[in-house]
Amino acid sequence: MKKIIFIAIALATFVKVNAQENLVTDTIWVNGVCGMCEERIENAAYIKGVKKADWDRETHELVLVYRSDKTDLMTIQKSIAEVGHDTRDIKATDKQYMRVHECCRYRAHEPH
């Protein structure tokens, strides 16, 4: 019985250490204009494997902490684009963009 408990504790420790080794911190640019955008962007970024998503309205930077064995930046950016926000590497389609609230339409604020 002691042997089984020892093996279980060793296995749990190994899994926890291995998960922490796969944590990646990265920052990407995401377009948006307001608090509603912030909530939408952060909620879209929280997919499986993402531990932290914090978007800054002034800099348009999204700080991400995620497990690289569970997800990657392109998958996170696709999720954000699907809710209507352009990212560093993926632009939302016009159909996705038109679903955001009228006050959140950042493309109207861009110089032509």
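Report follows, based on the coordinates. (Residues numbered from 1 in each chain as written. Predicted model: local features only at pLDDT ≥ 70, side-chain atom pairs only at ≥ 80, totals over all residues. Heavy atoms only, no water.)

**Describing the packing of aromatic side chains**
Scanning the entire structure with this criterion turns up one aromatic pair. Ring geometry for Tyr-97 against Tyr-106: centres 5.0 Å apart, planes inclined by 75 degrees, an arrangement best described as edge-to-face. Like Tyr-106, Tyr-97 is buried. The ring of Tyr-97 has Arg-107 sitting right over it, with the charged end atom 4.2 Å from the ring centre. (Phe/Tyr/Trp six-rings, centres within 6.5 Å; stacked < 30°, edge-to-face > 60°. Buried < 20%, exposed > 50% of the residue type's maximum accessible area, 1.4 Å probe, protein only. Lys NZ or Arg CZ within 6 Å of the ring centre and 35° of its normal.)

**Concerning the pattern of salt bridges**
The final tally for this structure, using the stated rule, is four salt bridges. The partner of Arg-107 in a salt bridge is Asp-86, with the nearest N and O atoms 2.8 Å apart. Here Arg-107, found in the segment after α4 (94–97), pairs with Asp-86, found in the loop between α3 (73–82) and α4; they are 21 residues apart in sequence, far enough to count as distant. Asp-86 shares its class with Arg-107; the two are buried. Where Arg-107 meets Asp-94, a salt bridge forms, and the shortest distance between an N and an O atom there is 3.1 Å. Residue Arg-107 is found in the segment after α4, and its partner Asp-94 is found in helix α4; the two are separated by 13 residues along the sequence. (Salt bridge = Lys/Arg side-chain N within 4 Å of Asp/Glu carboxyl O. Helix = DSSP H or I, 4+ residues; strand = E, 2+ residues; numbered from the N terminus.)

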